[in-house]
Structures are given as structure tokens and as C-alpha cells.
Amino acid sequence: MASKAGDAAILSNLNPAQQEAVTFWGRPLLILAGAGSGKTKTLTTRAAWLISEKGIPPQSILLLTFTNKAAGEMKDRIAKLMDPKDAYPPFAGTFHSFCAKVLRRDGKFIGLSSNFAIYDTSDQQDIVKTIIANLGLDKSLKAPVALSMISQCKNELVSALEYAEFTRGEFQKKIAKVYLEYQRLLKESSALDFDDLLTETVKLFKTEKDVLNKYRNLFQHILVDEWQDTNKAQYQIIKLLTGRDHNLTVVGDAAQSIYKWRGADYRNINYLQVDFPDLKTINLEQNYRSTQTILDAAHGVIKKNRSHPILQLWTNNKKGEKIKLYQARSELDEASFVTEEIVKLTSKNKQSKEYSDIAVLYRTNAQSRVIEEAFLHRGIPYTLVGGVKFYERKEIKDILAYLRLVANPKDSVSNKRAEKLGKTRFANFCQLAEKIMSDEGRVLMDKKELTTLDLLDKVVQTTKYLEFFDQKNEDDLARLENIKELRSVATEFPNLFEFLEQVALVEAAQSPKNSESSNNGKVTLMTAHSAKGLEFEVVFIVGLEEGLLPHSRSLMNQEELEEERRLVYVGITRAKCLLYLSYAQKRLIFGQRGSSMPSRFLGEIPNHLFESSALVGIKKNNYELYDIDF
DNA sequence: CGACTGGAAATTTTT
DNA sequence: TTTCCAGTCG
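Residues numbered from 1 in each chain as written. Chains lettered and ligands numbered in written order. Predicted model: local features only at pLDDT ≥ 70, side-chain atom pairs only at ≥ 80, totals over all residues. Heavy atoms only, no water.

Caption draft 1: Quick look at the side chain of glutamate 331. Along the chain, glutamate 331 turns up in helix α15 (residues 331–346). The class of glutamate 331 is buried, set by a relative accessible area of 8%. Separated by 3.2 Å, the side chain of glutamate 331 and the backbone nitrogen of leucine 588 make a polar contact. Apart from the residues within four sequence positions on either side, glutamate 331 is in contact with Val370, Ala584, Lys586, Arg587, Leu588 and Arg593. (Helix = DSSP H or I, 4+ residues; strand = E, 2+ residues; numbered from the N terminus. Buried < 20%, exposed > 50% of the residue type's maximum accessible area, 1.4 Å probe, protein only. Polar contact = N/O pair within 3.5 Å; in protein donor to acceptor, adjacent residues only side chain to side chain. Contact = heavy atoms within 4.5 Å.)

Caption draft 2: Molecular detail of the protein's contact with DNA strand B. For DNA strand B, the set of nearby residues contains 22 residues, the closest of which are Asn68, His96, Arg363, Asn365 and Thr527. Taking the atoms of DNA strand B that fall within 4 Å of the protein, sugar and phosphate contribute 49% of them. Note that a base oxygen of DNA strand B is positioned 2.3 Å from one of the side-chain N or O atoms of arginine 363. Side-chain polar atom of serine 530 to a phosphate oxygen of DNA strand B: 3.2 Å apart, as the coordinates give it. Here the surface near DNA strand B is composed, by residue class, of six nonpolar, 11 polar and five charged. (Near = heavy atom within 4 Å. Nonpolar A, V, L, I, M, F, W, Y, C, P; charged D, E, K, R; others polar.)

Caption draft 3: Structural context of the packing of helix α21 (residues 452–462) against helix α22 (residues 474–492). Where α21 meets α22, the axes come as close as 8 Å, and the angle between the chain directions of the two elements is 145°. Between α21 and α22, the contacting residues are Thr452, Leu453, Leu456 and Asp457 on the first element and Leu486, Arg487, Ala490 and Thr491 on the second. Here the residues of the contact of α21 with α22 are counted per class, giving four nonpolar, two polar and two charged. (Axes fitted to C-alpha atoms, helices over the stretch in contact; angles between N-to-C directions.)

Caption draft 4: Representation of the protein's contact with DNA strand C. With respect to spatial proximity, the complete set of residues near DNA strand C consists of Lys139, Arg369, Phe590 and Gly591. If you look at DNA strand C and keep only atoms within 4 Å of the protein, 38% of those are sugar or phosphate atoms. Contacts to DNA strand C include phenylalanine 590, whose backbone N or O atom sits 3.3 Å from a base nitrogen. Within the surface near DNA strand C, the residues separate by chemical class into one nonpolar, one polar and two charged.

Caption draft 5: Representation of the pattern of salt bridges in the model. In the structure shown here, the tally under the stated rule is 42 salt bridges. A salt bridge links lysine 39 to glutamate 226; its shortest N-O distance comes to 3.3 Å. With lysine 39 in helix α3 (residues 39–54) and glutamate 226 in the loop between β6 (221–224) and α12 (232–241), this pair connects stretches of sequence that are 187 residues apart. Taking relative accessible area as the criterion, glutamate 226 reaches 17% and is therefore assigned buried. Between lysine 324 and glutamate 321 there is a salt bridge, with its nearest N and O atoms 3.0 Å apart. According to the relative accessible area criterion, lysine 324 is buried, its value standing at 11%. The class of glutamate 321 is partly exposed, set by a relative accessible area of 41%. Sharing partners across several salt bridges, the network here consists of Lys39, Asp225, Glu226, Asp229 and Lys532. (Salt bridge = Lys/Arg side-chain N within 4 Å of Asp/Glu carboxyl O.)

Given below as C-alpha cells:
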């Protein structure tokens, strides 16, 4: 009874299309959800509905996302929608964390030990650098290049052996050699990289039918977020897991696909229709976020893309204010325009905005500097999204190397790192590690009498790691502060293996300390990429110039140009009520002052949406050189 | 091995 | 301009 009433309440908050998406039953479902159309709400409500209305046990639902943040939000929202008697919400996690769980449990069937290490990008670089040196390959082959080729292969499920077999030409031959050696070393270290988590899961599911069936039976319903961001490996995992019942729900929007360069393939939306002929598609096109003016601008841009379907968003919101375009003389002028507008917007009057309502978006991180300087001058508080990640800091990686080595003595990258920190140090550490991993230590760990925090402190103590730091040095104090922060993460995960999983797969918030409280009352500066999934009252998109947005690297290629266009689309649709666009006629790039043309994307926004007709000339620009199709 | 230096390069980022 | 890296020197 309570469930019935709750259910009606749940559905009453939804528009007809959302309701249909929540309650659709019996066939695989593709929800094409436009920006700001209530995608998360729909997906979470569907999960809650499956539980309360269809009696699906929560543990039979698998909800996959791309970021831990999204997973966390989904979990929270489902929990709020659920009847308290249903106890715990379904598993919601990233593809990678799900795969890691599967492989820890059942990887033994394909020769993985359950304590495998997970190598991050810098671990990968370490290995590849030594490989290039050891194989005597010439140094023109850079580790990042080799790695990105290897990663591409893995995204496409091409193994090292297969690659070596079909490869042609000098360059590819070299990559093949590195790839083979790289896989050998990973195996020797009992380690997987991020891509391996996916590809090994595919391998496991393909070769071990019993294991696959176990998971098929376990997960009666699979829901996937951001389908346009899946790569081939992820697609395969879903296809394999979706058993006979085809109880699959995916949500996506091709127009927001901006990660092709790291393997995402929005065409997975189309492939779905081939693999599941009985697929039902529901469009969510009502937008709850932006003014009609902003939506019209976004649509004007995105409709130029030819290679994917485009949703026509509409809203009941007001038409809203016109879009403000500023032609700056230079990047400095642009920065002061943004600054002055923010001062005006936030000055005390009835309509004034909070700093936290405002975001400034740009194409490249380097663009933030000028803006930051202008903000500092004017005393505008801001937070910069991006920068050195917490777990990438040297002091953190050092300590983690010791701890990883305790958990997996074969881990060669951690071993090398630990050795580098000093011979005596390492010798002392090894003694300690032996004691910990003795039967006695194991028992203590199992009994939870030897926690991650205990281990961390013991390691720091025996290695005298803190001797590296000077209490009077400001930078060193910050590093000590980071170590304290790591200790507090350790408190949350008393089991060493769970702790290591956490730090490998979950990026800590920028600076864990001040993420919550002090993010308030600040303007957000970030790339358009990072803005995906977020929304702000006021959005500035700066640097709308040919060569910057679209970026010069994408001008030669139609596919990439369309991705740049999607990036602009994503940027524009972040704005709820006010949108500012700007470009600089002259800009300092790599210390050189160059002049640039306004971005073609500005010309694609209908002229009447702009505040004044500042646009004369933009439409006239000649892009035929690059834009053969348009 | 670590600090210095000269030259080349210079998106986007999560797991 | 800044940043990163390879090569060199102490």
C-alpha cells in the first residue's frame, strides 16, 4: 500500500515521456535524453520503479556510469526514492569498478590472481619508458604516443598478438613490440591497467560460460548511463551480460559525445538497434534547465552536424535574455570583460547572482591563466577545476607504492619506486612487509586488528619517510598535509585491499579538504569538457576563435570538427539563464601574438538571438577551406 | 643519482 | 611563454 502511494507520487513528478521511459516494460530500451531533460531523474526513478512496482530485488539491478560522482549521485537518489523496507539500493558504479570486482572474484578462471594491482597512467608511463629504453628503440617514440596506441587497441579489443600480426610499417611494428612487451611486464607484475579491467572482463565472459551465466542470472536488469561514451569493450560487456531477457535500459545523447579521442563511440547508439532489433526508443526533449533563447542558440549550432541524430529541445521556461557577445581586442581585454560583467552581475541588487552561479568555460587549460589574474586583481573568488590530482602527488604515490607492494609483492612499478626512495629505507620496509604478510599478519588483518591506517603508519615509521620534509618549508607542510589526508582516507577503508581499490579507481576530490565547504561562493573556471553534466545560472564561454574552438588540431578532419561542435553545444547547454560568448581578435599563443578569426560556431547561432547586431561580419567569414560539406 | 641546461613542443580527461 | 624531456656534468 505504501508502495502504491509512493509510486504514484514518484510518477507524478514526471512528464509523459519520462513516465513512459520509467515504466516501459518487456523490451530493451534506449532513452535519448537531451541536455537538461531530466536524464538522471528518469534513470533513477526507473530503478526505484523496478524495485517497488515490479518487485525486482535491488541486488538484481546493475547500474553503470562513467564517473564515480555520477554513480554516487544515482545511488543517493535511488535510496531517497526507495521504500525504506527495501533496505539497500542496487549496485551503482563505474564500468571500471564493476569490472574490478568481477575480476577479483572470478579472474582466477583466466589466470588472474585476486590481488592484482591497478596501474594508472603514470605507472603505465613508467613501464613503457623502460620498455622503449630496454628494447633499444629510438627515442623519437614517446611513451605517451605508444600508450595511446596501445589504449586504442584495447578499446577496440585488439590484443597485442593480433596487433603484431596485422601491423604494417616501421612505426606500427615498433608499437607492436612495445605492446607485446608491455603486456608481458604487466602480467609479470600481476597488474592490470584501466583498459585491461574492461578487456579482461570481456575475455572472462567470452571464455567462461558458467561465470557469464552467474552474472546474467544475478543481474536481471541492467541500466547504463552516458551510452554515447561507451567504447567497444564496454559495449561488449553489456551485450554479453544482457541475457535472453534483454532487460537493458541505456540513456544517451549523441550530441553530447565529446570523448571520441579516448575511445568513446557514439555509434554504439546505432549498433544497439542492430543487436537488439526489438529495441524501443524514447526521446526526452523537454528541457528544464535553460531559456528558450539558449536552447535555440544551442540548436542552431548542433544542427550543422551530419553524422548523428539531433534532438529538438523545447522548454516551458521563458524566452529569457538575449545572448551577449563580446569581441575583445586581446585575451587581456576578454578577461577584463568577463571580470567586469561578473562584478556587475554580483553587485547587490534584486537580480544579483552569487559567484557560485557563474562558470567560465574554455577549450584549453592554458586559457585559465589570464582569467585567474584578472580575477585576482578584482578580488573575485574562484575555483579552478583541473590540475594535479591528489593521488598523483609524489608523496602520495610514494606511500601508496609501499602499501601496494605489501598487497602485491610482484608489483614491479611500485617496487622500483620504493627502491628509488632509498636502499636502507627499502631494506627496512621489506622486513616489515614480510612480517605483515606472514600468516600471523594475515590473521590480524582478517580480524581487522591490523587496519590500513596501522599499516600506513607502520610503513611511514619504518621507512622514516617523513624525514624528506622540512617543517619550516611551506611546500613541505602542504605535502605533510596531503599525507594526513591520505591517513583519513585510510580510516574510511580499514581493509588494505579495499583501500587500494578505492585509491586506484576513485579520484579524490580536488583537494579533499576544502572541496565541500569552500566551493561555495566562488566562480568556477574549467574546460568545456569538465563542464559536462553540470549547470550554472550564468555561463561564459571564452576564446570562441578559429584554431582554439574549434581547436587547430581538429580543423583538418570532419569527424573531429563535429566533436568540437558538440563541445560548444555542451558548453551552451550548461547555461540556465544567461549566456556570454566572447572571442579575441588578437591572442598571445606560445608567446606569439597572433590574430584570429571568430569561431565558425558563432556564425551558426541565429543572429537575432544576440543582444545587439554585433555579429556583422561573422557570418561572412569564409570557412570553405575546411568545411566542404556545409 | 640529482641538478642543470638547451631545444622542441604546445587539446580535451576518467578510470 | 611555459613546460617537458633528453642529455650532460659534477
